[in-house]
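Each chain is listed here by its residues.
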Amino acid sequence: MSSVVYLNGEYLPRSEAKLSVDERGFFFGDGVYEVTRAVDGHLFESGRHMRRLARGLKELRLTPSVSLEEIEAISLELLRRNDITSGEGTVYLQITRGAAPRTHHFPPAGTPCTVFLSAGRFTLPTDKRATGVAVVTYPDIRWSRCDIKTVNLLGAVMAKQYATDHGAFESLFVKESAVTEGSHTNVFGVIDGELRTYPSSNLILPGITRDVVLELAREIGVPVNETPFHIHHIPDLQESFLTGTTTDVMPIASIDGKAVGDGKPGKVTMALYDALAARLYVAVGAGRR
Ligand SMILES: Cc1ncc(COP(=O)(O)O)c(C=O)c1O
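Cut-off values and rules
- Residues numbered from 1 in each chain as written.
- Predicted model: local features only at pLDDT ≥ 70, side-chain atom pairs only at ≥ 80, totals over all residues.
- Helix = DSSP H or I, 4+ residues; strand = E, 2+ residues; numbered from the N terminus.
- Rg over C-alpha atoms; globule rule 2.2 N^0.38 Å.
- Buried ≥ 20, exposed ≤ 12 C-beta atoms within 10 Å, placed from the backbone.
- Near = placed C-beta within 6 Å.
- Nonpolar A, V, L, I, M, F, W, Y, C, P; charged D, E, K, R; others polar.
- Pairing = 2+ DSSP bridges.
- Contact = placed C-beta atoms within 7 Å.
- Axes fitted to C-alpha atoms, helices over the stretch in contact; angles between N-to-C directions.
- Expected span 1.5 Å × (residues − 1).
- Arc of directions from axis to C-beta.
- Domains from an automatic or database assignment.
- Parallel < 35°, antiparallel > 145°, perpendicular 65-115°, else oblique.
- Left-handed = near helix turned anticlockwise from the far one by under 90°.

A. Up close: the overall build of the protein chain. Within the protein chain, the secondary structure is distributed over seven helices and 15 strands. The C-alpha radius of gyration computed for the protein chain amounts to 19 Å, which stays within 12% of the reference 19 Å derived for 289 residues, consistent with globular compactness. By its C-alpha atoms, the protein chain is 55 × 45 × 35 Å across when sized along the principal axes. Scored against the burial criterion, the 289 residues of the protein chain give a buried share of 38%.

B. Local environment of the site of the ligand. Near the ligand lie 13 residues; those nearest to it are Leu205, Gly207, Ile208, Thr209 and Thr245. For the shell around the ligand, the elements supplying multiple residues, two or more each, are helix H6 (208-220) and strand E13 (239-244). Ranked by residues supplied to the shell around the ligand, first place goes to H6 with three residues. Taken together, the residues that form the shell around the ligand break down as three nonpolar, eight polar and two charged.

C. Geometry of the sheet that holds strand E5 (residues 88-96). Strand order in the open sheet formed by six strands is E2-E1-E6-E5-E3-E4, and the pairing between neighbours is antiparallel. What marks the edges here is a single partner per strand, and that holds for strand E2 (10-13) and strand E4 (42-43). Pairing of strand E3 (residues 31-39) with E5, which is carried by nine bridges, proceeds in the antiparallel orientation. Considered in E5, the bridge of glycine 31 is made with threonine 96. Packed on one face of the sheet, helix H2 (residues 46-60) meets E3, E4 and E5 and runs near 175° to E3.

D. Region of the structure containing helix H7 (residues 267-282). The end-to-end C-alpha distance of H7 is 21 Å, a good match for the 22 Å that 16 residues give at a rise of 1.5 Å each. When we look at burial in H7, the residues that qualify are Val268, Thr269, Leu272, Tyr273 and Leu280. Along the long axis of H7, the arc covered by the buried residues comes to 135°, so they all point the same way. Exposed side chains of H7 directed beyond 90 degrees from the buried face belong to Ala278 and Val282. Those residues of H7 that are buried are in contact with E3, strand E10 (186-191), strand E11 (194-197), H6, E13 and strand E14 (248-255).

E. Structural view of the pairing of strand E8 (residues 170-175). Relative to E8, strand E7 (residues 133-139) is paired through five bridges, and the arrangement is parallel. Looking at the pairing, threonine 137 lines up with leucine 172 of E8. Sheet analysis places E8 next to strand E9 (residues 178-182), joined by three bridges and oriented antiparallel. Looking across to E9, one finds that valine 174 is bridged to valine 179.

F. Spotlight on the domain arrangement of the protein chain. Here the protein chain is described as being made up of domain 1 (4-121) and domain 2 (126-282). The centre of domain 1, based on its C-alpha atoms, is set 26 Å off from the matching centre of domain 2. Per element, the largest residue contribution to the side of domain 1 that touches domain 2 is eight residues, and it comes from E3. The class makeup of the residues in the side of domain 1 that touches domain 2 is six nonpolar, eight polar and six charged.

G. Here's a closer look at the packing of H6 against H7. At a closest axis distance of 10 Å, the pairing of H6 and H7 adopts a crossing angle of 110°. Classified by the interaxial angle, the pair formed by H6 and H7 is roughly perpendicular. Side by side, H6 and H7 meet where Val212, Val213, Leu216, Ala217 and Ile220 of the first sit next to Ala271, Leu272, Ala275, Leu276 and Arg279 of the second. A class-by-class count of the residues in the contact of H6 with H7 yields nine nonpolar, no polar and one charged.

H. Representation of the packing of H2 against helix H3 (residues 68-81). Orientation of H2 relative to H3, taken along the N-to-C sense of each, is 130°, at an axis distance of 11 Å. The angle between H2 and H3 places the two elements in the oblique class. By crossing handedness, the relation of H2 to H3 is classed as right-handed. In this structure, H2 contributes Ser46, Met50, Leu53 and Ala54 to the contact, and H3 contributes Leu68, Ile71 and Glu72. Its residues assigned to classes, the contact of H2 with H3 comprises five nonpolar, one polar and one charged.

I. Structural detail: the pairing of strand E1 (residues 4-7). In this structure, E1 lies alongside E2, joined through four bridges in antiparallel fashion. Bridge pairing in E2 links valine 5 to leucine 12. Counting the residues in the hairpin turn of E1 and E2 gives two residues, including asparagine 8, whose phi is positive at 45°. In this structure, E1 lies alongside strand E6 (residues 114-121), joined through two bridges in antiparallel fashion. Bridge pairing links tyrosine 6 to leucine 117 in E6.

J. Summary view of the environment of leucine 68. On the secondary structure map, leucine 68 appears in helix H3. Residues leucine 68 and lysine 18, spaced 50 residues apart in sequence, show a C-alpha to C-alpha distance of 23 Å.

Take a look at the structure:
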């Protein structure tokens, strides 16, 4: 059965949702997106997602006709219409500068933004979490506004394909020897019992899960140091993990074929995963997955 999506004010079967070939998302990747987790039909950390979206829209000077409140309401309606009111789901949102004859500069004033949302189920990567995942390093070839969640994702696409080609789960971007983040995840290391991660700046996406995990680390008494670990620190890592909306907290077992710590999911990593799971599931009154 075709899922129901939202496009520019209408709920439609996915197969009937059509975009113009003059769409600026298609020409330029001129837009922003969000992926929000849904547990039992509830949106997780929707406020944080909406704040990040609002910031991205402002930075790119995009002015969609829907409000953030309407976006939340559409998200919930899509979960309902697609019967994703129990179990794990995600809501995808994309807003672009709309359809207009191709020019690099902005289209004429009044060109409506394209607003698209869809909802889907997803399967938790539970097996991978039990063993931890292999990751590889990759040069950070991206632009200098990685803090904006733009649909212009070529750096991420090339990095993730490199990981796939090498049988790895994820690529870690490396800039001037510092590990910045993953292709679609943030990355953490534990060195001398201290949690390290690249500081929030224009060079990484301020991940919602990253934010929540930093908050949880402070709550459960894990020392936090928002400075990056570097390539030469890899042998000193006691633990390392990825965070993301569909990745949660994912232990890293090896980097470029070398074991991290003893190569098994570490204590700090799993304590943070447990704390995140408590937020994800207990908050909505759902059982632990
Ligand atoms: C480059 C990048 N970093 C980090 C993340 C994780 O962000 P979040 O926790 O909001 O999913 C993503 C998610 O897509 C990403 O694309």
